[in-house]
Each structure stands twice: as structure tokens, then as C-alpha cells.
Amino acid sequence: MRFSRQDWIALGLRELAKQGPPGLTIDALCAAAARTRGSFYHHFEGHDDFIDAMMRTWKQRDTDAIIQTVDNVAQNKTALLNDKASRINHRLEGRIRQLAQQNKVAARWLKIVDAARIAFLEMLHETSSGVSRDDSKTLAKLDYAALVGAQTLWPNASATTMAGLGASFSELIKAKYGGSHD
């Protein structure tokens, strides 16, 4: 059976979550796929091209798709975002941050993803909490820092645990700023 470009990307994301950056060497990936280097190079020009494709896929799946889903609902946006964010692979998120410390392609994508997530949170806080633009920027940064911190401290936490932390943060914001925060 042929191993497609998407198969390599899915394997890379799985191996990164399991082993961290050392699992992403071409030799390690080929061993995990039981494929040759030629198979890898049939789909990618090199390691950085592979990392670029993998990070692009991660961004689309764990940022763009979530933002689009949340943006398309009329009510309870915060609760839906909390639910979606609690279900992403938090171990993978931490491993991507490790990879970004070693790889400039991953670092560029992580910066793009972080900026997109924070910008969406800013908009969400401003529209659902009714807070000022400056406060929404601060809240978005705190909200995102809380998520990244929780991912770092508890990478194996269940979706229920992560959702509970997110809900608690939302309740704190509601108590401080009022508004519907949805």
C-alpha cells in the first residue's frame, strides 16, 4: 500500500506527540513508517519542507478549523471554544513548543498560531464580555497563557479537566467584568 504525503504528516504529528523532536528525524520517521528515505523524499524536498507541511496541517486542524467552527455559531461561543480547546492534543502542543525552540520553520508557524489564537480570544472577550479593547487584549493574553501553562503542567490531563479549567477562567472573567461572556 502506498504511503501518501498525508500519511507522512499524520505519522509526524503522532511521533512528535509520543517522542518529541527526536522522533522527527528522517531516519526515525522512515523506521516508524517502515518505508525508505526515497519514499519520504518522494513527497518532501527535505526535512524543513516536511516540518512546514506538518505545522501547516496542525494549524489548520487545531486553530483554523476551531476558530471557524466557533465563529459560525451565534451564542455560547466561549463555551464552544473551551470545549474544542480542551479536546486538542495537549501533549502535541507542548512538543510543538519544544520543536519550535530547535527549528526555525516550526518557530515561524508557532508564532503564527499563537498570534491567531490570541487575536481570536481578543475579539471574543471584547464582543462577549463587553470589555474595552485594552482589557480584551490583556484578557486574551492571560487566557492563552493559562491554556499554555496548563498544557505544560498537565500534558496528559483529560478533556474534562482542561474544560473545567477553561470554564473556571471564564467564570472569573464574568465575575470581574460582568457580561454574558458567550
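### Re the overall build of the protein
- Across its full length, the protein carries 9 helices and 0 strands.
- For the protein, the N- to C-terminal ordering of α and β elements is α-α-α-α-α-α-α-α-α.
- Principal-axis analysis of the C-alpha atoms gives the protein an extent of 60 × 30 × 25 Å.
- Taking all 182 residues of the protein together, 45% fall into the buried category.
- Intrachain contacts of the protein at a sequence separation of at least 6 include 66% that bridge at least 24 residues.
- Of the roughly 9500 Å² of accessible surface on the protein, a fraction of 54% belongs to carbon and sulfur atoms.
- Here the protein carries 24 positive and 20 negative side-chain charges, and the mean point of each set is 4 Å from the other.

### A word on the packing of helix H1 (residues 5-19) against helix H2 (residues 26-33)
- The interhelical angle for the contact between H1 and H2, taken along N-to-C directions, is 105 degrees, at an axis separation of 10 Å. Between H1 and H2, the angle is such that the two are roughly perpendicular. Touching Trp8, Leu11, Gly12 and Glu15 of H1 are Leu29, Cys30, Ala32 and Ala33, all from H2.

### Points about the pattern of salt bridges
- With the rule as written, the count across this model stands at 11 salt bridges.
- Notably, a salt bridge pairs aspartate 83 with arginine 87, separated by 2.9 Å at the nearest N-O pair.
- Relative accessible area serves as the criterion here: at 58%, arginine 87 is assigned to the exposed category.
- Of the charged contacts, one joins arginine 97 and aspartate 114 as a salt bridge, the two residues approaching to 2.8 Å between their closest N and O atoms. With a gap of 17 residues between them, arginine 97 in helix H6 (residues 90-102) and aspartate 114 in helix H7 (residues 104-129) connect regions that are remote in the sequence.
- Under the relative-accessibility criterion, aspartate 114 is labelled buried at 16%.
- The network of salt bridges with common partners includes Asp52, Arg56 and Arg108.

### Re a nonpolar patch on the surface
- Among the surface-exposed residues, Leu153, Trp154 and Leu165 lie close enough to one another that they form a single nonpolar patch of about 320 Å² accessible area.
- Within the secondary structure, leucine 165 is located in helix H9 (residues 159-177).

### Looking at the packing of H6 against H7
- Running from amino to carboxyl end, H6 crosses H7 at an angle of 130 degrees, the nearest separation of the two axes being 6 Å. In terms of their interaxial angle, H6 and H7 are classed as oblique. Remark: the crossing between H6 and H7 carries left-handed chirality. Listed contacts from H7 to Glu93, Ile96, Arg97, Leu99, Ala100 and Gln102 of H6 are Lys104, Ala106, Ala107, Leu110, Asp114 and Arg117.
- Among the residues making up the contact of H6 with H7, the classes are represented as 6 nonpolar, 1 polar and 5 charged.

Cut-offs used in this document
- Residues numbered from 1 in each chain as written.
- Predicted model: local features only at pLDDT ≥ 70, side-chain atom pairs only at ≥ 80, totals over all residues.
- Heavy atoms only, no water.
- Helix = DSSP H or I, 4+ residues; strand = E, 2+ residues; numbered from the N terminus.
- Buried < 20%, exposed > 50% of the residue type's maximum accessible area, 1.4 Å probe, protein only.
- Contact = heavy atoms within 4.5 Å.
- Areas by Shrake-Rupley, 256 points an atom, 1.4 Å probe, with all protein chains shown as cover.
- Lys, Arg positive; Asp, Glu negative; His and termini not counted.
- Charge placed at Lys NZ, Arg CZ, Asp CG, Glu CD.
- Axes fitted to C-alpha atoms, helices over the stretch in contact; angles between N-to-C directions.
- Parallel < 35°, antiparallel > 145°, perpendicular 65-115°, else oblique.
- Salt bridge = Lys/Arg side-chain N within 4 Å of Asp/Glu carboxyl O.
- Patch = residues over 30% accessible without salt bridge, like charges linked within 9 Å, V, L, I, M, F, W, Y side chains within 5 Å.
- Left-handed = near helix turned anticlockwise from the far one by under 90°.
- Nonpolar A, V, L, I, M, F, W, Y, C, P; charged D, E, K, R; others polar.

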